[in-house]
Amino acid sequence: MRKNGIIMFSDIYAALSGGMGCIMDKNAEMAQLLFADIKKTPEDFEKKYPARDLPEGAKVTRFAPSPTGFLHLGSLFAAFVSQRAAKATGGVFYLRIEDTDKKREVKDGVTGIVEGLEDFGICPDEGMINETESKGAYAPYIQSHRTHIYQAYVKSLVEQGMAYPCFMTEEEIATVREQQEAEKKLPGIYGEYAKYRDITVEEAQKLMDEGHEYVLRLKSPGKPDGKVSFKDAVKGSIEMPENILDVVLLKKDGTPTYHFAHAVDDHLMHTTDVTRGDEWISSTPIHLQLFKVLGFKAPKYAHISPIMKEDAETGGKRKLSKRKDPEAAVSYYKEAGFPKEAVLEYLMTIANSNFEDWRRANKTAPIDDFKFSLSKMSKAGALFDLVKLNDISKNYISTLDTETVYSGTIEWAREYNEKLYKLLTENEAYARAILGIERGNAKPRKDIGKWEDVENYLAYFYDELWDRKFDFADNLSKEDMAEIIEEYKKIYNPSASAEEWFPSVRDLSERLGYAKSPKDYKKDPDAFKGHVGDVSGVIRAAATGRRNTPDLYEILQTLGYDEVMKRFDEALNVLKG
Ligand code: GLU
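Given the structure is predicted, the values throughout are model-derived calculations rather than measurements.

Undergrad: How would you sum up the overall build of the protein chain? Please name residues and give values.
TA: Counting its regular elements, the protein chain contains 24 helices and 15 strands. Scaling as 2.2 N^0.38, a compact globule of 577 residues should have a C-alpha radius of gyration of about 25 Å, whereas the protein chain reaches 35 Å, well beyond that. Principal-axis analysis of the C-alpha atoms places the extent of the protein chain at approximately 135 × 45 × 45 Å. Out of the 577 residues belonging to the protein chain, those deemed buried represent 49%. Across the protein chain, contacts joining residues at least 24 apart in sequence account for 72% of those joining residues at least 6 apart. Entry remark: accessible area of the protein chain is about 28900 Å², with carbon and sulfur atoms responsible for 51%. Positive and negative charge centroids in the protein chain, built from 82 and 96 side chains respectively, lie 3 Å apart.

Now the structure itself:
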């Protein structure tokens, strides 16, 4: 309508109404109403976070925990797998903190996670390094600092008519849910239940003016009989019903839901492969839909099976539980003093079934040389085996040199065993000599599985640790044992070499009526009181209190003449007393 020859704005509006232009304008108007302060557009962020400059085939993976401070063994496993997948392809592994759920957050929770990973040598290439700082060009790596980014993307979805404000109250949603349950329908806000799906700008404006709270929902393009399929690197091809829920993108306070935030982040941080626990499979149709609606290329998925445990009560398999199993927390392994290399070695055995064969063929190669592959991961959850971890760890520690064992023990003891720390640092040379016994042999002993074991392993070297009890074998009489010790005292020569030492014990055996070798004894047991092994066993028990120890000659040398003699006398007192 013309007024005084001037074309009014409303005239243009009217001319466009009924056409596409109007809907577009309405959407733009709605976006403006909801996000007046958001000036940046998705294009701005696309520019700010350009594609990574990586070789063809390089994977970008991430570990994306909530800042709970607690690192579950399963999470460590997932992080390890993500890191290996990136490493194996010359890619990037980063740490993103997903703190959209404030209820799960604890104080210093980010640092707890960062340190927990570091304890096991998993150092992300990028991401958060403590509560507030990060490294890398795709920062911020913590979702609570990215709200403006998520809002820009939701604004753009509103502009395209793919998202809308929903003013449903908790009560209304609960009522819908009850109705759906009664009618055995899929619960949630979708289709006919999505009361505000077609809300107009005017209605929204009115409700906002009245002070009603709202969330931003996706206008899901999913069809009730639609299907979505994807190829999971671990689980294979998966087909699932398409998402039809109008999921929440932004909560009432304007912060994003996990679903939405992770899609935007994985896109902007150029994640190529999402490796995460398989409890997320059920959400994957939502995620794939979000990627599509946002115009993003979806990442590849690798859903990792949980680590299982045999339940002591039922005998059945169940997930390793934070509540029931102390070994579910990674702090358990640190406190027990499992070297990180051993834990990672174990995790690799459950990650890739071909690792053990590779390890047999490449005994001393660094674990990084193993070509890890997501596709070789087991579809079913691996059974956690503490005994196997202990064996792997014993094996690993047996290959270490004295210095590494000494420093590993010291580092652990500094934090967890003050008494041991003091003893081992008071006289370092003595401690090194003890830990060096039989180290470097072709067939090293496997006595120590974790640093926690060291105290018991070397207890008899220290007055403060040894209970001074003598565990003699029971196949000889006390008199015979006392005789062996008395006679050995006479010939014990601390200057004798290792080569001279055993023959001297053999000669003594013969002199006292024992066979020079177990073989001779077996041939004619009635001719002897026992054999050389029994004789050295008595000397061993008298010097160490134990029936089983590493090389006795080295032990005697380390204890020193005076201490050995003192112990022989104590042992004689016990035998004669
Ligand atoms: N933030 C999610 C969690 O706490 C991670 C899910 C994902 O990796 O996509 O488990």
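After presenting the structure, the write-up continues.
Undergrad: Provide a residue-level description of the sheet that holds strand S7 (residues 163-166), including the pertinent values.
TA: Reading across the sheet, the three strands line up as S7-S8-S11 and stay open at both edges, with antiparallel pairing between neighbours. In the strand order of this sheet, the two ends are held by S7 and strand S11 (248-250), each with one partner. Adjacent strand axes in the sheet meet at a mean angle of 45 degrees when their direction is disregarded. Across the sheet, helix H6 (residues 147-159) touches S7, strand S8 (215-218) and S11, and the angle it forms with S11 is around 125 degrees.

Undergrad: I'd like a rundown of the site of the ligand, residues and numbers included.
TA: Close to the ligand lie Arg-62, Ala-64, Ser-66, Glu-98, Arg-104, Tyr-258, Arg-276 and Trp-280, which account for all nearby residues. The backbone of Ala-64 places a nitrogen or oxygen atom 2.8 Å from a nitrogen atom of the ligand. Contact between the ligand and Ser-66: an oxygen atom at 3.4 Å from a side-chain N or O atom of the residue. Bound to the protein, the ligand loses 85% of the 300 Å² it would expose on its own. Grouping the constituent residues of the shell around the ligand by class yields three nonpolar, one polar and four charged.

Undergrad: Break down the packing of helix H20 (residues 498-511) against helix H22 (residues 532-544) for me, citing the residues and quoting the values.
TA: Where H20 meets H22, the axes come as close as 9 Å, and the angle between the chain directions of the two elements is 110 degrees. Between H20 and H22, the angle is such that the two are roughly perpendicular. Seen along the crossing, H20 lies across H22 with a hand that is right-handed. Residue-level inspection shows Phe-502, Val-505, Arg-506, Leu-508 and Ser-509 of H20 in contact with H22, the latter providing Val-532, Val-535, Ser-536 and Ile-539. For the contact of H20 with H22, the residue count by class is six nonpolar, two polar and one charged.

Undergrad: Please give an account of the confidence of the model for the protein chain that cites residues and values.
TA: Of the residues in the protein chain, 96% reach a pLDDT of 70 or more, and the chain-wide mean stands at 94. The low-confidence segment residues 1-18, where pLDDT is below 50, has 12 contacts with residues more than four positions distant or belonging to other chains.

Undergrad: Describe the sheet that holds strand S3 (residues 60-63), and please don't skip the residues or the numbers.
TA: In spatial order, the strands read S3-S4-S5-S6; together these four strands make up an open sheet with mixed pairing. Either end of the sheet is taken by a strand with one partner, and the two such strands are S3 and strand S6 (134-135). Here four bridges tie S3 to strand S4 (residues 92-95), and the two strands are oriented parallel to one another. Bridge assignment links Val-60 to a residue of S4, and that residue is Val-92. Against the sheet, helix H4 (residues 73-87) contacts S3 and S4, and its axis sits at roughly 165 degrees relative to S3. The strands touched by helix H5 (residues 109-119) are S3, S4 and strand S5 (126-128); relative to S4, the strand with the most contacts, the crossing angle is about 145 degrees.

Undergrad: A description of the side chain of Arg-318 should follow, citing residues and the corresponding values.
TA: As for its placement among the helices and strands, Arg-318 is situated in strand S15 (residues 317-319). Arg-318 sits in the buried class, given a relative accessible area of 17%. A distance of 2.9 Å separates a polar atom in the side chain of Arg-318 from a polar atom in the side chain of Asp-325. Contact partners of Arg-318, with chain neighbours within four places excluded, come to Ile-307, Met-308, Lys-309, Asp-311, Lys-324 and Asp-325.

What counts, and where the lines are drawn
Residues numbered from 1 in each chain as written. Predicted model: local features only at pLDDT ≥ 70, side-chain atom pairs only at ≥ 80, totals over all residues. Heavy atoms only, no water. Helix = DSSP H or I, 4+ residues; strand = E, 2+ residues; numbered from the N terminus. Rg over C-alpha atoms; globule rule 2.2 N^0.38 Å. Buried < 20%, exposed > 50% of the residue type's maximum accessible area, 1.4 Å probe, protein only. Contact = heavy atoms within 4.5 Å. Areas by Shrake-Rupley, 256 points an atom, 1.4 Å probe, with all protein chains shown as cover. Lys, Arg positive; Asp, Glu negative; His and termini not counted. Charge placed at Lys NZ, Arg CZ, Asp CG, Glu CD. Pairing = 2+ DSSP bridges. Axes fitted to C-alpha atoms, helices over the stretch in contact; angles between N-to-C directions. Near = heavy atom within 4 Å. Polar contact = N/O pair within 3.5 Å; in protein donor to acceptor, adjacent residues only side chain to side chain. Nonpolar A, V, L, I, M, F, W, Y, C, P; charged D, E, K, R; others polar. Parallel < 35°, antiparallel > 145°, perpendicular 65-115°, else oblique. Left-handed = near helix turned anticlockwise from the far one by under 90°. pLDDT = per-residue confidence, 0-100.

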